[in-house]
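Structural overview
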Amino acid sequence: MVAPVVETKLLAPSLRREVVPRPRLADLLVRGAQGPLTLVSAPAGFGKTTLLASWFAAAPSTENDDHAVAWVSLDERDREATTFWSYVLLALDRAVPGSGAAALTLLQSGQTSVEAVLVGLVNELSVRSGEVTLVLDDYHLADGVEVASGMAFLVDHLPPQLHIVVGTRVDPALPLSRLRARGELVEVRANDLRFTPQEVSGYLNELNGLDLSPDDLAVLESRTEGWVAALQLAALSLRNRDDRTGFIAGFAGDDRFVVDYLVEEVLSQQPDDVRRFLLDTSILDRLTGPLCDAVSPQPESAGPRTGVRPGRARLEDLDRANLFLVALDDNRTWYRYHHLFGDVLRSHLIDERPDEVATLHRRAAGWHADAGHVDAAVRHAMAAGDTGQAADLVELSFRALGRERREDLLRQWAHQLTDDTLRNRPVLAVALIGGLMASNEFDGVDGRLDHVEHLLTMPTDEVVVVDRDELPRLPATITMYRAALALVGGDPAGAITLAAQAIAVAEDGDDLAVGSSAALSGLASWSAGDLEAARVSYGTAIGALTRAGHIADVLGCSIALADMELRLGHLRAAEQTFARALALAEENTSGLAVMRGTADMLVGLSRVAWYRNDLVGMAEHLRRSDELGESAALAQNPYRWRVGLARMRAAEGDLSSALKLLDEAERVYVADYAPNVQPIHATRARVLAARGDVAEAHAWAEDHLVSTDDVLSYLREYEHITLARVLLAEHAATGSSAALDEAVRLLDRLLAAAAGGGRTGSVIEVEVLRALAHNAAGARRESLGALQHAVQLARPEGWVRVFVDASPVACDLLRELATEQPRSGYLSELLHATTPVDGAREQTGDGRGARPGLVFGSDRWPVDMLSDREMEVLRLLGSDLDGPAIARGLFVSLNTVRTHTKHIYAKLGVNSRRAAVSKAHQLGLLSGPENR
């Protein structure tokens, strides 16, 4: 889990009534929204945010218009790429539901580059019909090396539907010259933002009621040069002055001095308690009543209203007085100071009371710590120079942060806390090492571990440990991290040895160390091809991590364990693994927040159903997974779901749609630490072979260096079995005896390797293919023998699909076997499943009929795959109604209709309305009387 979202960052600031209409600037923004990038760049106080917020408020509603607007208010903490893009993707997804969810999940996995994340976003937006404008306010606060590269990539690859508006004090590191030369950049600069004489008059006289003479207005306009902040400050100073002309006449100086002078004038007119409150709370990024009470304690009598705490009352008074306070939510619970005003307040605080600054930060740190805001608490503690408090907070929170998958914070603090702070803090040092390793930062970790081991040799009274219960756990954790380093360094045997040592020295009850070490050992064994050992290790890991409360890790381990169980032939065990994990995820679901990984378990169950040829059950699992959405999925689920749906398409005979889905799966593919033993490209080659595209399938083998002469290993077993399928398809298409001979030789080698490794699931598949190969060679006895062996191994677990995919040859062979075993219920089931239905023919999508007999049942797509609401939308797509009319008819928003339409397109394997209606008619989905 990533850091909690500050919701107010996604809201445009609330507009005050004192806003001067500026149609000339609004027209510039409207023109900019028709191109890729609009840049609003000017120094502080020129009204950039107010202009953008006014335009945002006037933007058409997405319910009635095909243009949405997403807003992000940035700050310094957004310089970290993951944080920056998390807010951007979340804002886009709020504006256009479904547009950023997949990319956000991918980003938060931490397992791919920002560029890869943005590719997914661009691809998603490129198929949207509507437009969206992304407003990035105060971009200069986030602009840096980490953010700039991603922004440059996005700007270079913007889809026509996306427009970006950047509000900033400093020009960003983007290809502005190139965009300007192409006419793709609209710029709003300081000269544009300066108030004209008419706007100065409107602001001071009409909105603020100052009734200044034309001469006074001209002087102020000249002295301020239309600078909005200076005019705002001047208006505040002039409100209570009798000699306004004299004040204006003495008003002089450049921008910085003007601001300092006017702020001093404003501050000097405030009562002492208000002035002190302003300076005290200037250290806060965001203000709310209770936090202000903690930082700047005031007597209850300071609150002008009974029952209202002083801090909240003070904020409400400042808000009403327009004293440079910006409301961050509609309830006016959270605020911030105008950036310029806050800067000056902090400057005055440091000048007037430098000795109190640290105390104020300590108070803020204490309040945030009590409120559970660890990030803010640590930040204020470090600003106070109290690294001890900061270190204590980190040490006390690292376990919870690990459970919430917020290792990014630990990584950040690992770079901020000094070596001197870590000098005698072993628990803290190990916590930060965990953050570094979870973020794939391994440089220097060895040295850090050496240092901690040295600390453990020192007397306990010479080291600093906040929670003494953590100290005995360190040896196991250190050894576990060394096991991880060994695995990353390409030494799986060393990793297994060290993981065993970590488990051996783990304290009783240290389930996290045991579970993590067992998972590392399982991963190392899996990478080495020892599935049985890996299976045992992952089983241990799942039990320990469940006890430790690391449920998301349990779900990830369950996927790995089930993968191995399937290769070992244990179909029922794999089903139980997924089912137990699903139940665990549902038990740990809180309210509407579904446990991340729940959707993955359903995709896993769909895979088990596919092996059993239970296509109805498979469709139901995939439907439920899809309806849970991206927030319930791990980073890898988008591609796994598409692979599952592709298998479904192929089983229904629609191989063209299957190929399209596999192409999509490759586009959204995200790697994890597990070996990629069933690569998507190999699955795609199987579909190509099934529909007779032998040349393209052979091109796959050449591109991925898969040949019959390779040294066989478990890690590439799936690819080599795929190559055997390609060779058999070549023989079927061309009669090539050489291809058949190569296939037989390869399959014999694969059988020996799989049997030797105890991989019964692979043996079943290889034996079925050997039966086909020997039958093609005229060796009927050998063919029957291979199939008989496959049936014997498959019967206890109920494997079916592998035989269906081998029809009609398998059907003939099974019929002959059945004459010898007439009472075999399993053989009867296989015969029923492999017998082609009359009239069933495989549809390739381009008019060609592929190898017959692949289809089980009819080629109709299960209606259960579409939800009831999706069926309603599908029926209306077949009418003459446009999108808004469909939305009105269903009493939903246009965005909701678009989301349902996207799901329908994905499930039907199409990309247009006309194609969806045509495909629905082909599948009989629109053949009911209600559609006539």
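Residues numbered from 1 in each chain as written. Predicted model: local features only at pLDDT ≥ 70, side-chain atom pairs only at ≥ 80, totals over all residues. Heavy atoms only, no water.

1. A few points about the overall build of the chain
As a reminder, the rule being used: Under the scheme used here, helices are H or I runs from DSSP no shorter than 4 residues and strands are E runs no shorter than 2 residues, and both carry numbers assigned from the N terminus. Exposed residues in this analysis have more than 50% of their type's maximum accessible area, buried residues have under 20%, and partly exposed residues fall in between, with area computed by a 1.4 Å probe over protein chains only. In this analysis, two residues are considered to be in contact whenever any of their non-hydrogen atoms come within 4.5 Å of each other. Here, Shrake-Rupley sampling with a 1.4 Å probe gives the accessible areas, and only protein chains in the shown set may cover a residue.
Counting secondary structure elements, the chain contains 47 helices and seven strands. Expressed as a percentage of the 932 residues in the chain, the buried residues total 55%. When contacts within the chain are restricted to residue pairs at least 6 apart in sequence, long-range pairs at least 24 apart make up 68% of them. With the model as given, the accessible surface of the chain reaches about 38500 Å², and the carbon-plus-sulfur share is 52%.

2. Focus on the packing of aromatic side chains
This is how the line gets drawn: Pairing of aromatic rings covers Phe, Tyr and Trp, the last counted by its six-membered ring, and requires centre-to-centre distances within 6.5 Å; plane angles under 30 degrees mean stacked, over 60 mean edge-to-face, and any other angle means tilted. Any Lys NZ or Arg CZ found within 6 Å of a ring centre and within 35 degrees of that ring's normal is scored as a charge over the ring.
The final tally for this structure, using the stated rule, is eight aromatic pairs. Of the aromatic side chains, those joined through ring pairs into one cluster are Phe-84, Trp-85 and Tyr-139. Positioned over the ring face of Tyr-87 is Lys-9, at 4.7 Å from the centre of the ring. A cation over a ring is seen here: Arg-647 above Trp-610, with NZ or CZ 5.1 Å from the ring centre.

3. Topic: the environment of Pro-679
As for its position among the elements, Pro-679 is in the loop between α34 (655-667) and α35 (680-690). Judged by relative accessible area, Pro-679 falls into the buried class, the value being 3%. C-alpha of Pro-679 to C-alpha of Tyr-718: the two residues are 39 residues apart in sequence and 8.1 Å apart in space.

4. Considerations on the pattern of salt bridges
The test is simple: Any Lys or Arg side-chain nitrogen found within 4 Å of a carboxyl oxygen on Asp or Glu counts as a salt bridge.
Enumeration according to the criterion identifies 55 salt bridges in this entry. One salt bridge in this structure joins Arg-379 and Asp-375, with 3.7 Å as the shortest N-O distance. Of this pair, Arg-379 and Asp-375 both sit in helix α19 (residues 374-383), four residues apart, which is roughly one turn of that helix. Using a relative accessible area of 26% as the deciding quantity, one classes Arg-379 as partly exposed. With a shortest N-O distance of 3.6 Å, Arg-640 and Asp-600 are connected by a salt bridge. Pair noted here: Arg-640 is in helix α33 (residues 637-651) and Asp-600 is in helix α31 (residues 598-611), with a separation of 40 residues, a long-range link. Note on accessibility: Arg-640 and Asp-600 belong to one class, buried. Each of Lys-9, Asp-75, Arg-77, Asp-78, Asp-285, Arg-286, Asp-375 and Arg-379 takes part in salt bridges that share partners, so that together they form one network.

5. Some details on helix α18 (residues 357-370)
How we decide: Take the residue count of a helix, subtract one, and multiply by 1.5 Å to get its expected span. Here the arc refers to the set of directions running from the helix axis out to each C-beta atom.
In this model α18 runs 20 Å from its N-terminal to its C-terminal C-alpha over 14 residues, within 8% of the 20 Å that 1.5 Å per residue would give. All of the buried residues along α18 are Val-357, Leu-360, His-361, Ala-364, Ala-365, Trp-367 and His-368. Viewed along the axis of α18, the buried residues span an arc of 165°, placing them on a single side of the element. In the segment just after α18, Gly-372 is the residue with positive phi, at about 85°.

6. Focus: the environment of Gly-120
Within the secondary structure layout, Gly-120 lies in helix α5 (residues 114-126). Between the alpha carbons of Gly-120 and Ala-102 there is a distance of 7.7 Å; along the sequence they are 18 residues apart.

7. Here we look at helix α24 (residues 445-455)
Along an α-helix, a turn takes 3.6 residues, which lines up residues three or four apart on a common side. Every buried residue of α24 is accounted for by Val-445, Leu-449, Val-452 and Leu-455. Down the axis of α24, the sector holding all buried residues measures 115°, keeping them to one side. Contacts made by the buried residues of α24 are with α22 (419-422), α23 (426-438) and α25 (474-488).

8. Here we look at the confidence of the model for the chain
Note the threshold: Per residue, pLDDT captures the predictor's confidence, and it can take any value from 0 to 100.
Per-residue pLDDT for the chain averages 85, and the proportion of residues at 70 or more is 90%. Taken element by element, the predicted model of the chain shows its lowest mean pLDDT in helix α13 (residues 255-268) (61) and its highest in helix α39 (residues 760-776) (97). Scored below 50 in pLDDT, residues 838-864 shows 75 contacts in the model against residues more than four places distant or in partner chains. Note on residues 928-932: pLDDT under 50 across the span, and five contacts to partners over four residues away in sequence or across chains.

9. Structural notes on unusual backbone geometry
Most peptide bonds take the trans form, and the phi angle of most residues other than glycine is negative. For the bond from Ser-807 to Pro-808, the omega torsion is 5°, close enough to zero to count as cis. With respect to the helices and strands, Pro-808 occurs in the loop between α41 (801-804) and α42 (809-820). Of note, Asn-613 is a non-glycine position whose phi angle comes to about 65°, a positive value. Checked against the element boundaries, Asn-613 lands in the loop between α31 and α32 (615-628). A positive phi angle, close to 55°, is found at Leu-705, a residue other than glycine. Along the chain, Leu-705 falls in the loop between α36 (694-703) and α37 (717-734).

10. A few points about the side chain of Ser-657
By the secondary structure assignment, Ser-657 is in helix α34. In this structure Ser-657 comes out as buried when scored by relative accessible area, which is 5%. With sequence-adjacent residues up to four places away left out, Ser-657 is seen in contact with Arg-649, Leu-908, Gly-909 and Lys-919.

11. What to know about the packing of helix α30 (residues 571-587) against α31
Our working rule: Every angle, taken between N-to-C directions, lies between 0 and 180 degrees, and every axis is a line fitted to C-alpha atoms, over only the stretch in contact when it is a helix. Each angle gets one of four labels, with under 35 degrees taken as roughly parallel, over 145 as roughly antiparallel, 65 to 115 as roughly perpendicular, and the rest as oblique. By definition, turning the near helix anticlockwise from the far helix through less than a right angle yields a left-handed crossing, and turning it clockwise yields a right-handed one. When residue character is reported, Ala, Val, Leu, Ile, Met, Phe, Trp, Tyr, Cys and Pro are called nonpolar, Asp, Glu, Lys and Arg charged, and the others, Gly included, polar.
Where α30 meets α31, the closest approach of the two axes is 9 Å, and the angle between their N-to-C directions is 155°. By the criterion of interaxial angle, the relationship of α30 to α31 is roughly antiparallel. Considering only the axes of α30 and α31, their crossing is left-handed. Every residue of α31 that contacts α30 at Leu-571, Ala-574, Glu-575, Phe-578, Ala-579, Ala-581, Leu-582 and Ala-585 is listed here: Thr-598, Met-601, Leu-602, Gly-604, Leu-605, Val-608 and Tyr-611. By residue class, the composition of the contact of α30 with α31 is twelve nonpolar, two polar and one charged.

12. Brief notes about the nonpolar core
Heads up, the rule is: Nonpolar cores were defined as sets of buried Ala, Val, Leu, Ile, Met, Phe, Trp, Tyr and Cys residues, with membership established by side-chain atoms within 4.5 Å.
Within the largest apolar cluster, 166 residues are counted, with the highest numbers of intra-cluster contacts made by Trp-413, Leu-432, Trp-526 and Phe-803. Looking at this core, the element that brings in the most residues is helix α29 (residues 551-567), giving ten residues. Leaving out residues up to four positions away in the same chain, Trp-413 has contacts with Val-374, Asp-375, Val-378, Val-394, Leu-401 and Leu-432. Core analysis: the second largest hydrophobic core is formed by 47 residues, Val-72, Val-88, Leu-92 and Ala-103 among them.

13. Some remarks on the pairing of strand β2 (residues 67-73)
The side chains of a regular strand alternate, residue by residue, between the two faces of the sheet. Quick note on the threshold: In this description, strands pair whenever DSSP reports at least two bridges between them.
Burial runs high along β2: seven of the seven residues are buried. Here β2 shows two buried faces, one formed by His-67, Val-69, Trp-71 and Ser-73 and the other by Ala-68, Ala-70 and Val-72. Pairing between β2 and strand β3 (residues 131-137): seven bridges, direction parallel. Looking across to β3, one finds that Trp-71 is bridged to Val-135.

14. What about the sheet that holds β3?
Through backbone hydrogen bonds, the strands of a sheet pair up, either in parallel or in antiparallel fashion. Reading across from one edge, β2-β3-β4-β1-β5 is the order of the five strands in this open sheet, with parallel pairing throughout. Lying at the two open borders of the sheet, with one neighbouring strand each, are β2 and β5 (185-188). Neighbour-to-neighbour, the strand axes of the sheet open up by a mean angle of 15°, direction not taken into account. Here helix α2 (residues 48-58) sits on the sheet and contacts β1 (37-41), β2, β3, β4 (162-168) and β5; the angle it forms with β2, its principal contact strand, is near 150°.

15. Description of the side chain of His-67
The condition is simple: For the purposes of these results, a polar contact is taken to be a pair of N or O atoms within 3.5 Å, where, inside protein, one atom must be able to donate a hydrogen and its partner to accept one; residues adjacent in sequence count only when each atom of the pair is a side-chain atom.
Residue placement: His-67 occurs in strand β2. In terms of polar contacts, His-67 uses its side chain to reach the side chain of Thr-133, at 2.7 Å.

16. Things to note about the packing of helix α26 (residues 492-505) against helix α27 (residues 511-527)
At their nearest, the axes of α26 and α27 sit 8 Å apart, and the two run at 160° to each other. Overall, the two elements α26 and α27 adopt an arrangement that is roughly antiparallel. In this structure, α26 meets α27 at a crossing whose hand is left-handed. Contact with α26, carried on its side by Pro-492, Ala-495, Ile-496, Ala-499, Ala-502 and Ile-503, involves Val-514, Ser-517, Ala-518, Ser-521, Ala-524 and Ser-525 of α27 and no other residues of that element. For the contact of α26 with α27, the per-class residue count stands at nine nonpolar, three polar and no charged.

17. Things to note about the environment of Gly-289
Tracing the sequence through the fold places Gly-289 in helix α15 (residues 289-295). Distance in space between the C-alpha atoms of Gly-289 and Pro-310 is 7.5 Å, their sequence separation being 21 residues. Dropping the residues within four chain positions of it, Gly-289 is found in contact with Gly-311, Arg-312, Leu-315 and Thr-333.

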